[in-house]
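Given next are the chains, with one letter for each unit.
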Amino acid sequence: MSTQSTVNTWWAVLTVWGVVNVVNILQAAGFISRVITGSRDINRLLGYGIIALGAPAIVAIIFIVREKTGWQHWIGPALFLVFLVFMVCVEYVWSIEFRSPMRYEILIPYLVLFYGSILLMGLPMFRINRGLWLITAVTSVVHLGAMVLALLRGVG
């Protein structure tokens, strides 16, 4: 990012950083809730929080693109928005069960869009601010740890 771009879009880059970390925390809480309750009910409610994060992602994308900061800063939140549309359709509009039994034609794009967007939203911070990136790495590890725990308990 150029100096001028940095000044104009730092808040937008921080917004994307916030979105990815809140997504990680909400999803970790969702996986833990599955372990505790044995159901996806709380996880489904937390999904509304993840959906709400689409609003700050859109605002950040607009400013990042307008300031010509670079594709590496808008591609993650853009992929996140694609995931949100897919998630809303599959989980909330059509209510398709695709985890058990596994429906790979839905599960694979779902996971690729979700985890791809997390990776692409978190990665630019590695170059910009290692301390903030480290926070993202920690929330990602917590998220993935909660997922592994849920999988091991049979509620993943």
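Residues numbered from 1 in each chain as written. Predicted model: local features only at pLDDT ≥ 70, side-chain atom pairs only at ≥ 80, totals over all residues. Heavy atoms only, no water.

**Brief notes about the overall build of the protein**
Note the cut-off: Under the scheme used here, helices are H or I runs from DSSP no shorter than 4 residues and strands are E runs no shorter than 2 residues, and both carry numbers assigned from the N terminus. Radius of gyration means the value over C-alpha atoms here, while the globule rule gives 2.2 Å times the residue count to the 0.38 power. Accessible area is worked out with a 1.4 Å probe on protein chains only. A residue is then buried under 20% of its type maximum, exposed over 50%, and partly exposed in between. Two residues qualify as a contact provided that any one of their heavy atoms is within 4.5 Å of a heavy atom in the partner residue. Lys and Arg are tallied as positive, Asp and Glu as negative. Neither His nor the chain termini are counted. The atoms used to mark charge sites are NZ of Lys, CZ of Arg, CG of Asp and CD of Glu.
For the protein, the helix and strand inventory stands at 7 helices and 0 strands. In sequence order, the protein lays out its α and β elements as α-α-α-α-α-α-α. A compact globule built from 156 residues should have a C-alpha radius of gyration of about 15 Å, and the protein, at 16 Å, falls within 12% of that. Counting only C-alpha atoms, the protein reaches 50 × 30 × 25 Å along its principal axes. Within the protein, the fraction of its 156 residues that count as buried is 40%. Residue pairs in contact within the protein that sit at least 24 positions apart in sequence constitute 72% of those at least 6 positions apart. For the protein, the distance from the average site of its 10 positive side-chain charges to the average site of its 5 negative ones is 9 Å.

**Quick notes on the nonpolar core**
Defined as follows: We define the nonpolar core as a collection of buried residues of types Ala, Val, Leu, Ile, Met, Phe, Trp, Tyr and Cys that are connected through side-chain atoms lying within 4.5 Å of one another.
Counting 26 residues, the largest nonpolar core has Val23, Phe80 and Phe83 as its most contacted members. Listing elements by their share of this core, those giving two or more residues are α1 (3-37), α2 (41-52), α3 (54-66), α4 (71-93) and α5 (104-122). Of all the elements, α5 adds the most residues to this core, at 7 residues. Among the nonpolar cores identified, the runner-up in size contains 6 residues, and Phe31, Ala146, Ala150 and Val155 belong to it.

**Structural notes on the pattern of salt bridges**
To keep things clear, this is the line we draw: Salt bridges are counted wherever a side-chain nitrogen of Lys or Arg sits within 4 Å of a carboxyl oxygen of Asp or Glu.
Tallying each qualifying case throughout the model produces 4 salt bridges. We note a salt bridge from Arg66 to Glu67, for which the minimum N-O separation is 3.5 Å. A relative accessible area of 52% places Arg66 in the exposed class. Here Arg103 makes a salt bridge to Glu105, at a shortest N to O gap of 3.0 Å.

**Quick look at the packing of aromatic side chains**
Rules: Stacked, tilted and edge-to-face pairs are distinguished by plane angle, under 30 degrees for stacked and over 60 for edge-to-face with tilted covering the rest, among Phe, Tyr and Trp rings (Trp via its six-membered ring) whose centres lie within 6.5 Å. By definition here, charges over rings are those cases where NZ of Lys or CZ of Arg is within 6 Å of the ring centre and within 35 degrees of the ring normal.
For the structure shown, the criterion picks out 8 aromatic pairs. An aromatic cluster is built from Phe83, Phe86, Phe98, Tyr110, Phe114 and Tyr115, whose rings are joined through pairwise contacts. Its end group placed over the ring of Phe126, Arg130 keeps NZ or CZ at 3.7 Å from the ring centre.

**Let's talk about the side chain of Asn21**
We count it as follows: Any pair of N or O atoms that falls within 3.5 Å is considered a polar contact. Within protein, one atom must be able to donate a hydrogen and the other to accept it, and sequence-neighbouring residues count only if both atoms are side-chain atoms.
By the element assignment, Asn21 lies in helix α1. A residue is classified by how much of its surface remains accessible, and Asn21, at 6% relative accessible area, is buried. Reaching out from Asn21, the side chain makes a polar contact with the side chain of Thr136 at a distance of 3.1 Å. A polar atom in the side chain of Asn21 sits 2.7 Å from the side chain of Thr139. Once residues lying within four places of it in the same chain are set aside, the contact partners of Asn21 are Ile135, Thr136 and Thr139.

**Quick word on the packing of α3 against α4**
This is how it is decided: Axes, fitted as lines to C-alpha atoms, cover a helix only where it is in contact. Angles between the N-to-C directions of the axes lie from 0 to 180 degrees. Here a crossing is taken to be left-handed if its near helix is turned anticlockwise relative to the far helix by less than a right angle, and right-handed if that turn runs clockwise. Under the grouping applied here, Gly and all other residues not named as nonpolar or charged are polar, the nonpolar ones being Ala, Val, Leu, Ile, Met, Phe, Trp, Tyr, Cys and Pro and the charged ones Asp, Glu, Lys and Arg.
Running from N to C, α3 and α4 point in directions that differ by 145°, and their axes come no closer than 9 Å. Two packed elements cross with a definite hand, and for α3 against α4 that hand is left-handed. Within the contact between the two elements, α3 uses Gly54, Ala57, Ile58, Ile61, Ile64 and Val65 and α4 uses His73, Trp74, Pro77, Ala78, Phe80, Leu81 and Leu84. Its residues placed into classes, the contact of α3 with α4 shows 11 nonpolar, 2 polar and no charged.

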